[in-house]
Amino acid sequence: MAKQEFKTLAVIGLGYVGLPTAAIFANRGLNVVGIDTNADVVDMINRGQVHIVEPDLDKIVQDAVSNGSLRAATEPQTADAFIIAVPTPFTDEDHKPDLGYLMAAAESLGPVLKAGDLIVVESTVPVGATEAVSVRLAELCPELSFPHDNEVPDIHIAHSPERVLPGRVIAELTKNDRVIGGLTPACGERTAALYAIAVEGQCLLTTAATAELVKLAENAYRDVNIAFANELSVISDKLGIDPWEAVRLANHHPRVNILQPGPGVGGHCIAVDPWFIVDSAPDDSGLIQAARQVNDAKPHHLSGQILSAAAEMASPVIACLGLAYKADIDDLRQSPAITVIQDLSQGGHKVLAVEPHINALPHELDDLDGGIGGVTLTSLDDALNGADIVVLLVDHKAFKEVDQDRLAGKTVFDARGIWR
Ligand code: SAJ
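Residues numbered from 1 in each chain as written. Predicted model: local features only at pLDDT ≥ 70, side-chain atom pairs only at ≥ 80, totals over all residues. Heavy atoms only, no water.

*Asks:* Before we go on, may I ask you to explain the overall build of the chain in this structure?
*Replies:* When helices and strands are tallied, the chain shows 16 helices and 13 strands. Here the C-alpha atoms of the chain give a radius of gyration of 23 Å, agreeing with the 22 Å that 2.2 N^0.38 yields for 420 residues. Of all 420 residues assigned to the chain, the portion counted as buried reaches 52%. If you take every contact in the chain between residues at least 6 apart in sequence, the share linking residues at least 24 apart comes to 72%. Carbon together with sulfur atoms contributes 52% to the accessible area of the chain, which is approximately 18200 Å² in total. Charge separation in the chain, taken as the distance between the mean sites of 30 positive and 58 negative side-chain charges, equals 7 Å. (Helix = DSSP H or I, 4+ residues; strand = E, 2+ residues; numbered from the N terminus. Rg over C-alpha atoms; globule rule 2.2 N^0.38 Å. Buried < 20%, exposed > 50% of the residue type's maximum accessible area, 1.4 Å probe, protein only. Contact = heavy atoms within 4.5 Å. Areas by Shrake-Rupley, 256 points an atom, 1.4 Å probe, with all protein chains shown as cover. Lys, Arg positive; Asp, Glu negative; His and termini not counted. Charge placed at Lys NZ, Arg CZ, Asp CG, Glu CD.)

The structure is reproduced here in structure tokens:
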């Protein structure tokens, strides 16, 4: 039934969420076009290749491209349904939501929309953004009616936030329950019919504004809980206690489940989304703001400890293992590891950076020369051979397997608690 209602799907934004989503729907029998403004990404996908490190993604993209159910393009095309999965970052200066990509994606649909189409916003957005998409499209397409001011509109619009965990995207895309917030109840029901093609989890219907807040709340919840673990680890450092040991023991209590302390919180979601709540309610979000501050301060706490140790040595070489924001992925966005390395280099130290998932340093580290320490991307082996100080920043599988004998005689900072 649903399969007949939706024959063609356009997914706008072929990143960490959009590309797997497009490939999964294509492998479930829809004719899918993925739209991305990056022509190199489009060319790669049309060759059946992927530009993202994510387990099993290459195979499902290759399958869908080779059987003709998935192709990519740089311009939107007509379709029965559109899923928007573009980034929604914040502004660097004041942490305000930047809806530039979302609105550009919505506006790009103006010329191809026709009565009966469905638009789903999957990008994480501040409360009210789904309605803003509807209002903007109504301005661009006066011949069509939209759901923000029409109970029986030509175009249906809903928010259904992605909830997938990088590293487990393919399984979570199909297995996770989905929250679906329609601008009208009918918008929600049509969206549920679309996801029923690919999703095995439950589709939970609500309003668009509730769905928007639910997604933000999920990530703010995790941020607050990680902040608790990180604050506890700073306290433990001061008291000379092993924080991971303390967390492990506390978690034996039947109603306690403290998360893991680390070098800070990175990624494009948990380090960003809580600010969207703060922006909507600045005077009522003290806990959420405090958590952001604790987590953002954590990399500097760690670099402070390393700089103190380095100050005791003559020209120490510091090896930093891991640049990604978490284990076994290639995503460097908002990574606390990069902040730590910037601090060390700016402190005048030579840093050997090891990141098995990339081939070149990101621009934030590449620019760090002239008068300061400088950062070199190097192999794990060379870094371990050449370093006086070894800093474990990411618990990548390759680092877990490091022979502890290779650390003998070196000063070690294990920010993930895996070498204890
Ligand atoms: N981290 C810790 N200690 C922990 C857990 C995580 O320091 O105990 C750090 C990680 O190292 C990383 C950051 O937090 O730097 C975030 O990692 P994560 O694995 O908690 O989450 P993300 O950002 O990869 O994905 C999150 C997920 N949200 C929740 O778990 C509530 C995912 O389900 C969302 O789909 C995703 O954000 C998103 O796109 O919003």
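*Asks:* When you look at a nonpolar patch on the surface in this model, what are you seeing that I'm missing?
*Replies:* A contiguous nonpolar surface patch, about 280 Å² in accessible area, is contributed by Ile-235, Leu-239 and Ile-241. Following the sequence through the fold, Ile-241 ends up in the loop between helix H9 (208-239) and helix H10 (243-250). Given a relative accessible area of 43%, Ile-241 falls into the partly exposed group. (Patch = residues over 30% accessible without salt bridge, like charges linked within 9 Å, V, L, I, M, F, W, Y side chains within 5 Å. Salt bridge = Lys/Arg side-chain N within 4 Å of Asp/Glu carboxyl O.)

*Asks:* Would you take a moment to explain the sheet that holds strand S12 (residues 389-392) for this structure?
*Replies:* Note: strands within a sheet are paired through backbone hydrogen bonds, in either parallel or antiparallel orientation. Spatial ordering of the open sheet is given by S11-S10-S9-S12-S13, a layout of 5 strands whose pairing is parallel. Where the open sheet ends on each side, the last strands, each with one partner, are strand S11 (375-377) and strand S13 (411-414). On average, each strand axis in the sheet is tilted by 20° relative to the strand beside it, whichever way the strands run. Running at roughly 175° to S13, helix H12 (residues 286-311) makes contact with strand S9 (317-321), S12 and S13 of the sheet. (Pairing = 2+ DSSP bridges. Axes fitted to C-alpha atoms, helices over the stretch in contact; angles between N-to-C directions.)

*Asks:* Teacher, can you tell me more about the site of the ligand here?
*Replies:* Around the ligand there are 21 residues in total, and Glu-162, Lys-215, Arg-222, Cys-269 and Tyr-325 lie nearest to it. Within the backbone of Arg-163, an N or O atom sits 2.7 Å from an oxygen atom of the ligand. Lys-215 is positioned with one of its side-chain polar atoms (N or O) 2.5 Å from an oxygen atom of the ligand. Contact with the protein chains removes 89% of the 770 Å² of surface that the ligand exposes when unbound. (Near = heavy atom within 4 Å. Polar contact = N/O pair within 3.5 Å; in protein donor to acceptor, adjacent residues only side chain to side chain.)

*Asks:* Whenever I open this one, the packing of H9 against helix H11 (residues 273-280) confuses me. Can you help?
*Replies:* Each packed pair of helices is defined by two parameters, the angle between the axes and the distance between the axes. As a packed pair, H9 and H11 sit with axes 8 Å apart at the nearest point and diverge in direction by 115°. Where H9 crosses over H11, the handedness of that crossing is left-handed. Touching Leu-213, Lys-215, Leu-216, Ala-217, Asn-219, Ala-220 and Asp-223 of H9 are Asp-273, Pro-274, Phe-276 and Ile-277, all from H11. Within the contact of H9 with H11, the residues separate by chemical class into 7 nonpolar, 1 polar and 3 charged. (Left-handed = near helix turned anticlockwise from the far one by under 90°. Nonpolar A, V, L, I, M, F, W, Y, C, P; charged D, E, K, R; others polar.)

*Asks:* What is the right way to read the pairing of strand S4 (residues 81-84) from this model?
*Replies:* Side-chain positions along a regular strand alternate between the two faces of the sheet. Of the two faces of S4, the one lined by Ala-81 and Ile-83 and the one lined by Phe-82 and Ile-84 are each fully buried. By the bridge criterion, 4 bridges tie strand S1 (residues 8-12) to S4 in an arrangement that is parallel. When the bridges of S4 are listed, Leu-9 appears paired with Ala-81. As defined by bridge partners, S4 adjoins strand S5 (residues 118-121) across 4 bridges and the pair is classed as parallel.

*Asks:* Help me understand the packing of helix H2 (residues 18-27) against helix H4 (residues 57-66) in this model?
*Replies:* Running from amino to carboxyl end, H2 crosses H4 at an angle of 50°, the nearest separation of the two axes being 9 Å. With respect to H4, the axis of H2 lies oblique. Helix-helix and strand crossings are classified by hand; for H2 and H4 the assignment is left-handed. On the side of H2, the interface is formed by Leu-19, Pro-20, Ala-23, Ile-24, Ala-26 and Asn-27, while H4 contributes Leu-57, Ile-60, Val-61, Asp-63 and Ala-64. Broken down by class, the residue content of the contact of H2 with H4 amounts to 9 nonpolar, 1 polar and 1 charged. (Parallel < 35°, antiparallel > 145°, perpendicular 65-115°, else oblique.)

*Asks:* How should the nonpolar core be read in this particular structure?
*Replies:* Within soluble globular proteins, side chains that are nonpolar generally end up buried alongside one another. Leu-9, Phe-25, Val-32, Ile-45, Val-61, Leu-70 and Leu-194 are the most contacted members of the largest nonpolar core, which totals 42 residues. Per-element accounting of this core gives the leading share, 6 residues, to H2. Look past the residues within four positions of Leu-9 in its chain and what remains in contact with it is Phe-25, Leu-30, Asn-31, Val-32, Val-33, Ala-79, Ala-81, Phe-82, Ile-83 and Leu-194. Within the second largest apolar cluster, 28 residues are counted, among which are Leu-302, Ile-306, Val-340 and Leu-361. (Core = buried A, V, L, I, M, F, W, Y, C linked by side-chain atoms within 4.5 Å.)

*Asks:* I keep staring at the sheet that holds strand S6 (residues 156-159) and nothing clicks. Help me out?
*Replies:* Pairing within the open sheet is mixed, and its 8 strands lie in the order S3-S2-S1-S4-S5-S6-S7-S8. Where the open sheet ends on each side, the last strands, each with one partner, are strand S3 (70-73) and strand S8 (203-207). Across the sheet, the mean angle separating the axes of adjacent strands is 25° when strand polarity is ignored. Sheet topology note: the strand S7 (residues 178-182)/S8 ladder contains 5 bridges and is parallel. Across the sheet, residue Arg-178 finds its bridge partner in S8, namely Cys-203. Running over the sheet, helix H5 (residues 100-109) touches S1, S4 and S5 and is turned about 165° from S4.

*Asks:* Help me out: how do you make sense of unusual backbone geometry in this one?
*Replies:* It is generally the case that most residues other than glycine have a negative phi and that most peptide bonds are trans. In this structure, His-95 takes a positive phi of about 55° despite not being glycine. One can find His-95 in the loop between S4 and H5. Although it is not a glycine, Asp-328 sits at a positive phi angle of roughly 60°. With respect to the secondary-structure elements, Asp-328 resides in the loop between S9 and helix H13 (336-346).

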